[in-house]
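Residues per chain are reported as follows:
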Amino acid sequence: MAVEKTFVMVKPDGVQRGLVGEIVSRFEKKGLKLVGAKLMQVPQSLAEEHYAEHKERPFFKDLVSFITSSPVFAMVLEGDSAVSVARTLMGKTNPAESAPGTIRGDFGLTIGMNIIHGSDSTESAAREIKLWFNDESVAYDRAVDVWLA
Ligand code: RTP
Ligand code: MG
């Protein structure tokens, strides 16, 4: 297994509903290491660039206006297979189909407001971390790492 970094963002619905702490806690308890975090209002240009792959999709306009409607909580998480592990904890894109025990499965109801975003590949993670954090993550040693590998 390889140590990876991934980009995860609590979307405006998750921040408004007071779920940031619960969500961060789930990733921490899983063993992923928080190496970047910030609460921020998303500029239109950043939202459009982040979701550029969906530019031609019918939901693109609504998605960008949703992401820019209220602050998000952006994070960089690090750990073994962090990209796929974070996606597993998040659950399927549509909360109506996400398994109980996952973040979307436990807290979401509709695809338009599905609480959280996570990079879908190591390539996406690299692109998104650069875009949101300008590659500025915080490296530090954590004693618990000895018990996780
Ligand atoms: P995300 O990028 O937000 O982590 O979600 P994802 O990979 O699981 O899903 P993706 O296919 O990348 O879709 C991005 C976001 O667009 C919204 N969406 N709405 N109305 C619709 O049919 C529809 N489909 C997708 C969702 O908010 C989804 O998370
Ligand atoms: Mg996606």
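Definitions and cut-offs
Residues numbered from 1 in each chain as written. Chains lettered and ligands numbered in written order. Predicted model: local features only at pLDDT ≥ 70, side-chain atom pairs only at ≥ 80, totals over all residues. Heavy atoms only, no water. Helix = DSSP H or I, 4+ residues; strand = E, 2+ residues; numbered from the N terminus. Core = buried A, V, L, I, M, F, W, Y, C linked by side-chain atoms within 4.5 Å. Buried < 20%, exposed > 50% of the residue type's maximum accessible area, 1.4 Å probe, protein only. Contact = heavy atoms within 4.5 Å. Pairing = 2+ DSSP bridges. Axes fitted to C-alpha atoms, helices over the stretch in contact; angles between N-to-C directions.

Draft legend 1. Layout of the environment of Phe 59. Within the secondary structure layout, Phe 59 lies in the loop between α3 (44-50) and α4 (60-67). In this structure the C-alpha to C-alpha distance between Phe 59 and Val 24, which are 35 residues apart in sequence, comes to 28 Å.

Draft legend 2. Region of interest: the nonpolar core. Counting residues in each nonpolar core, the largest one holds 19 residues, and the members touching the most others are Phe 7, Met 9, Val 42, Ile 67 and Trp 132. A total of five residues in this core trace back to one element, the largest contributor, which is α4. With residues up to four places along the chain from it excluded, the contact list for Val 42 reads Ala 47, Ile 67, Thr 68, Val 72 and Trp 132. Core analysis: the second largest hydrophobic core is formed by 18 residues, Leu 19, Met 75, Ala 82 and Ile 115 among them.

Draft legend 3. Summary view of the sheet that holds strand β2 (residues 33-40). Spatial ordering of the open sheet is given by β2-β3-β1-β4, a layout of four strands whose pairing is antiparallel. On the outer flanks of this sheet lie β2 and β4 (116-118), each paired with one strand and no other. Each neighbouring strand pair of the sheet contributes to a mean axis angle of 20°, computed without reference to strand direction. Alignment of strand β1 (residues 3-10) against β4, held across three bridges, turns out to be antiparallel. Considered in β4, the bridge of Val 8 is made with Gly 118. Packed onto the sheet, helix α2 (residues 20-30) meets β1, β2, β3 (72-80) and β4 and runs at close to 10° relative to β3. Here helix α7 (residues 122-133) sits on the sheet and contacts β1, β2, β3 and β4; the angle it forms with β1, its principal contact strand, is near 60°.

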